[in-house]
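Each chain, written out:
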Amino acid sequence: MILSLLFFTFSFIFYVIAALLYIGNWVFKKRWLGQTATALSYIALFSTSLILIMRAAESGHAPFSNLYESMVLFVWGVNVGYLALEYKHGVKIIGAFVMVIESLAMLSAALLPYRFKSIEPLNPALQNKWHWLVDLLAKVGLEKYAIGWLDFHVFTTFIGYAAFAISFGLSIMYLIKSRAEEKGGTNQAIASLPDSTMLDELGYRAIAWGFPFLAVGIVSGAVWANYAWGTYWSWDPKETWSLITWFVYAAYLHARVTRGWRGKRCAYLSLLGFLAVVFLYWGVSFILPGLHAYA
Amino acid sequence: MTTDTDAWYRRAGSNIWYFFNSLKLTLFLLITLAIVSIIGTVIEQNQQIEAYVRSYGMTWTKVIVYLRLHDMYHASWFTALLILLVFNIIVCTFERFPPKWKAILRHKTDRFDPGLIARLSNNAEFSVNVGVKDVGGRIEKALRSKKFKFMSSESNGEHYFYAWKGVSGRFGSDFIHISLLLILLGSIVGSAIGYKDFKQIYVDGMIKVPQADFALRLDKFWIEYYETGQIRQYNSLLTVVEEGNKEIMTKQIWVNEPLYYKGIRFYQSSYGTAWDRVDTAYVALKKGGKTEADDPVPVKWEELAKLPGSAYSVRVVSYLSDFAYDERTNSVTSLSPEPNNPAIRLEVYKGDKLVSTPWLFLKYPGVFPSIPGVKDDLVFSGYRPLLYSGISINKDPGTNIVWVGAIVMGFGFILAFFVYHRRVWVHVRSTNEGTRVKLGGTINKNQLLFEKEFQHIRDVIEKG
């Protein structure tokens, strides 16, 4: 627990400072502030990776088995997604929004009650490893590092969540920006946001990443459920909510790609989708009973 | 298309087709399915009716039962929504796929109206200070560097270039739609010809597998623990036995590791102790006049065991985990599978002669004399329970169709979201001001990416 906790504390501090630097860069428009913020985001990514690695070393299994670990994975995914976006499009102002989301996510992970954080051995249903991988790794004596459907399922699902979170941030920025554009406001801070067409397009791109990853997460969950319980779909609340979320984003994509929706209506659908994600992730775990009650 | 002279059924058919060929219907169905699905996660599914009465009261329970909200995902109206979505997908695919396919087959043309370039979402017109030939070379270089395929032609000193890549990306959505149909088909096949069952098998016991010509024997059941005492895994050693006691295969199964034989899967699902059998009972003889009983003797289920130092032998013929006597029917039953009041029934022999068949109670030793007419008594002092393994049996030929659907879907996602159909048109001609270039392009998705690519192509043409 000690090392992973240490890296968690470091990461938390890095995210808060990165958020402040990005906001500073946005408000004061100093080049060095933006550059430091980006550098710190990379350091935070490294540190977050170390949390996951240390958890894996401490528990002896991939760090995807409880709510706390999944939060860290979520933060990691959002950071990777954001840095890719910044690298490709070079807009640092988005970082102000994303790093605030990251800091809040880290805070909520830190505030989780102990039972969602403690390292527990895997219960029978969670023990799933790919035979072919075990056999392959056994040749070099590393079979205990084999992964399986659990790890694949959680990882793909959370990459999806992370992409949706980024799209959520972009949609909020879009709504702020497009309102200012309509009113012709003179607020300096809002004026320096990327233009609304770009925010709209980037929000869509994030969903175009999240949607297939969520689908792969759902399908891999079904494959695993078929191994563990003999049924690939049982309308468990988590399963149903994942489908609900998927339906909302499917509606988004059809409205956008086929019917040509742009702008506000898309942004609101994206907000609705993220509400479903939040409920899928937290609401179902805390409120509704079911197979996923442990994570 | 329809006219007044059309027969009514043609008009109706055309209207139905039109109804299903609608993206508004798709959006409506997706959002409706999302919203109604919530109900089934809030109201717990497949509970006893009494449980709903307790939680929601009589009136609401009537509503729940009427609308089948207690088994919502199998209710006819929910199925109807899914069927509407299926027809929606089928009609839209029929309507959109053939024209798209034709357009893709015939898209290659090296002759086009240069005037149309200005209408493309990405377009530029500029002059370059090198000859037409050199500009052509630059265009080819630019297109090659971005891995475009292209064709070109020349007439009257004017050059036409048409370039494309990622055509297959256009078909991603079709693959995804077909995959959804496959997954639904798989689930229909599964519920039509598959079955699910659950059996408890005692250790060394055998069950006949339903709808199959073989049996299953449980050789061993055991639980593994972590050092902390938490359960690590449940394991069963199962043997498939064909007719004529032929042993086909033996496999250790656990949660996440089923046994598969002849299209049927067997899953480790639960375990427990038998309520009507024991592995071994411990019986002690208390000789007449003594206050202490002798050491207990292990008595295997239905096997005769001699009690040492006496003429008695006993056999365990019945066991009930929660013994109860029903006066009305004058019979004994077990109130529950829990060992609340374990009781065994013995056949007691003196020599070869059956002398009594008493019930003995673990918690109430000596309440009834076990052998009539003598002072000797028997004490039921303990037992080794018989474990059973709960095995879920599942035959679902639809599963494979679902997996094929899943693979098609993955393939479709790669095409739909990560392969973009890009097309570029270039027209070059020589004028007084130099070589005039009209450059235009489109992408079906990801405009931001294409803007950069377009800029790169333009830069190469302008600056070499």
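Residues numbered from 1 in each chain as written. Chains lettered and ligands numbered in written order. Predicted model: local features only at pLDDT ≥ 70, side-chain atom pairs only at ≥ 80, totals over all residues. Heavy atoms only, no water.

Draft legend 1. Structural context of the overall build of chain A. Secondary structure assignment for chain A yields 10 helices and zero strands. Ordered by position in the sequence, the α and β elements of chain A form the string α-α-α-α-α-α-α-α-α-α. Taken over C-alpha atoms, the radius of gyration comes to 20 Å for chain A, in line with the 19 Å a tight globule of 295 residues would show. Projected onto the principal axes, the alpha-carbon positions of chain A cover approximately 60 × 45 × 35 Å. Considering only intrachain contacts with a sequence separation of at least 6, the fraction spanning at least 24 residues in chain A is 75%. (Helix = DSSP H or I, 4+ residues; strand = E, 2+ residues; numbered from the N terminus. Rg over C-alpha atoms; globule rule 2.2 N^0.38 Å. Contact = heavy atoms within 4.5 Å.)

Draft legend 2. Here's a closer look at the overall build of chain B. The helix and strand inventory of chain B stands at eight helices and 21 strands. By the compact-globule yardstick of 23 Å for 464 residues, chain B is too spread out, its C-alpha radius of gyration being 39 Å. Looking at the 464 residues of chain B, the share that counts as buried comes to 43%. Considering only contacts within chain B whose residues lie at least 6 apart along the sequence, 58% involve residues at least 24 apart. Per element, the accessible surface of chain B, about 25,300 Å² overall, is 56% carbon and sulfur. Positive and negative side-chain charges in chain B, numbering 56 and 45 respectively, have mean positions lying 8 Å apart. (Buried < 20%, exposed > 50% of the residue type's maximum accessible area, 1.4 Å probe, protein only. Areas by Shrake-Rupley, 256 points an atom, 1.4 Å probe, with all protein chains shown as cover. Lys, Arg positive; Asp, Glu negative; His and termini not counted. Charge placed at Lys NZ, Arg CZ, Asp CG, Glu CD.)

Draft legend 3. Inspection of the domain arrangement of chain B at higher detail. Domain boundaries assigned for chain B yield domain 1 (4-101), domain 2 (118-166 + 420-463), domain 3 (176-273 + 390-411) and domain 4 (275-385). Using only C-alpha atoms to locate each centre, domain 2 of chain B and domain 3 of chain B end up separated by 60 Å. (Domains from an automatic or database assignment.)

Draft legend 4. Here's a closer look at the sheet that holds strand β7 (residues 231-242) of chain B. Residue and element names in this part refer to chain B. Read across the sheet, four strands follow the order β5-β6-β7-β8 without closing on themselves; strand pairing throughout is antiparallel. With partners counted over all chains shown, the strands left at the sheet margins are β5 (206-208) and β8 (246-254), one partner each. Averaged over all pairs of adjacent strands, the angle between strand axes in this sheet comes to 25°, irrespective of strand direction. Direction of pairing for β7 relative to β8: antiparallel, over a ladder of eight bridges. Its bridge partner being in β8, Asn-235 is matched across the sheet by Trp-254. (Pairing = 2+ DSSP bridges. Axes fitted to C-alpha atoms, helices over the stretch in contact; angles between N-to-C directions.)

Draft legend 5. Structural context of the pairing of strand β15 (residues 331-334) of chain B. Bridge count for strand β14 (residues 323-326) of chain B against β15(B) is four bridges, and the pairing is antiparallel. Note that in β15(B) the partner of B:Ala324 across the bridge is B:Thr333.

Draft legend 6. Layout of the packing of aromatic side chains. Taken as a whole, this structure holds 53 aromatic pairs over all chains when the rule is applied. Relative to B:Trp164, the ring of B:Tyr162 lies with its centre 5.5 Å away and its plane at 25°, an arrangement referred to as stacked. With a centroid separation of 5.5 Å and an interplanar angle of 45°, the aromatic rings of B:Tyr162 and B:Trp425 are classed as tilted. Of this pair, B:Tyr162 sits in strand β3 (residues 158-165) while B:Trp425 sits in strand β20 (residues 422-431), and the two are 263 residues apart along the sequence. Each member of the pair, B:Tyr162 together with B:Trp425, is buried. The structure contains a cluster of three or more aromatic residues connected by ring pairs, namely A:Phe74, A:Phe158, A:Tyr161, A:Tyr281 and A:Trp282. Geometry around A:Trp261 places A:Arg265 over its ring, the cationic atom sitting 4.1 Å from the centre. One residue, B:Lys165, lies across the ring of B:Phe148, its end atom 4.7 Å from the ring centre. (Phe/Tyr/Trp six-rings, centres within 6.5 Å; stacked < 30°, edge-to-face > 60°. Lys NZ or Arg CZ within 6 Å of the ring centre and 35° of its normal.)

Draft legend 7. Highlighting the interface of chain A and chain B. With 51 residues of chain A at the contact, the number on the chain B side is 52 residues. Between chain A and chain B the total buried area reaches about 4,300 Å² when both faces are included, carbon and sulfur atoms providing 69% of it. For chain A, the biggest contributors to the area lost against chain B are A:Tyr232, A:Trp235 and A:Phe247; these three give 15% of the whole. Here chain A is connected to chain B by zero salt bridges. Counting across the interface, chain A meets chain B through 16 residue pairs in polar contact (both at pLDDT 80 or more). (Buried area = accessible area lost by both parts, 1.4 Å probe. Salt bridge = Lys/Arg side-chain N within 4 Å of Asp/Glu carboxyl O. Polar contact = N/O pair within 3.5 Å; in protein donor to acceptor, adjacent residues only side chain to side chain.)

Draft legend 8. Summary view of the packing of helix α3 (residues 67-89) of chain A against helix α6 (residues 149-183) of chain A. Residue and element names in this part refer to chain A. At a minimum axis distance of 8 Å, the contact between α3 and α6 shows a crossing angle of 55°. Relative to α6, α3 is oriented oblique. Read as a crossing pair, α3 and α6 show a hand that is right-handed. In this structure, α3 uses Ser-70, Leu-73, Phe-74, Trp-76, Gly-77, Val-78, Gly-81, Tyr-82 and Leu-85 to contact α6, whose residues at the interface are Val-154, Phe-155, Phe-158, Ile-159, Tyr-161, Ala-162, Ala-165, Ile-166 and Leu-170. Each residue belonging to the contact of α3 with α6 can be placed in one class, and the counts come to 15 nonpolar, three polar and no charged. (Parallel < 35°, antiparallel > 145°, perpendicular 65-115°, else oblique. Left-handed = near helix turned anticlockwise from the far one by under 90°. Nonpolar A, V, L, I, M, F, W, Y, C, P; charged D, E, K, R; others polar.)

Draft legend 9. Local environment of the domain arrangement of chain A. All names here are of chain A. For chain A, the assigned domains are domain 1 (1-114) and domain 2 (121-295). In this assembly, 26 residues from domain 1 lie in contact with 29 residues from domain 2. The largest share of the area that domain 1 buries against domain 2 comes from Phe-64, Leu-67 and Phe-74, three residues that together contribute 21% of it. Along the contact surface separating domain 1 from domain 2 lie three residue pairs in polar contact (both at pLDDT 80 or more). Counting residues per element, the ones that place at least two in the side of domain 1 that touches domain 2 are α3 and α4 (93-110). At 12 residues, the largest contribution of residues to the side of domain 1 that touches domain 2 is made by α3.

Draft legend 10. Region of the structure containing the pairing of strand β21 (residues 434-443) of chain B. Residues and elements named next belong to chain B. Along β21, nine of the 10 residues are buried, which leaves the element largely enclosed by surrounding structure. Here β20 runs beside β21; their pairing, made up of 10 bridges, is antiparallel. The residue bridging Thr-431 from the neighbouring strand is Gly-434, located in β21. Two successive antiparallel strands, β20 and β21, enclose a turn made up of two residues.

Draft legend 11. Structural detail: a nonpolar patch on the surface. Residues and elements named next belong to chain A. A contiguous nonpolar patch, built from Ile-23, Val-27, Phe-28, Val-100, Leu-104, Leu-107 and Leu-111 and spanning about 640 Å² of accessible area, is present on the exposed surface. Looking at the secondary structure, you find Leu-107 in helix α4. Relative accessible area serves as the criterion here: at 37%, Leu-107 is assigned to the partly exposed category. (Patch = residues over 30% accessible without salt bridge, like charges linked within 9 Å, V, L, I, M, F, W, Y side chains within 5 Å.)

Draft legend 12. Up close: the side chain of A:Glu86. All names here are of chain A. Following the sequence through the fold, Glu-86 ends up in helix α3. Since its relative accessible area comes to 7%, Glu-86 is described here as buried. At 2.8 Å, the side chain of Glu-86 forms a polar contact with the side chain of Thr-38. Engagement of the side chain of Glu-86 in a polar contact is seen with the side chain of Tyr-82, the distance being 2.6 Å. If near-sequence neighbours (up to four positions away) are discounted, Glu-86 is found in contact with Tyr-22, Thr-38, Val-91 and Lys-92.

Draft legend 13. Representation of the sheet that holds β20(B) within the structure. All names here are of chain B. Strand order in the open sheet formed by five strands is β1-β21-β20-β3-β2, with antiparallel pairing between adjacent strands. Each edge of the open sheet carries a strand with a single partner, namely β1 (122-128) and β2 (149-155). Each strand of the sheet is rotated relative to its neighbour by a mean of 15°, with strand direction disregarded. Where β3 lies against β20, seven bridges are found, and the strand directions are antiparallel. In the sheet register, Tyr-160 faces β20, and the bridge partner there is His-427. Contacting β1, β2, β3, β20 and β21, helix α5 (residues 132-145) runs over the sheet at an angle of about 170° to β20. Strands in contact with helix α8 (residues 447-463) are β1, β3, β20 and β21; relative to β1, the strand with the most contacts, it is inclined by about 10°.

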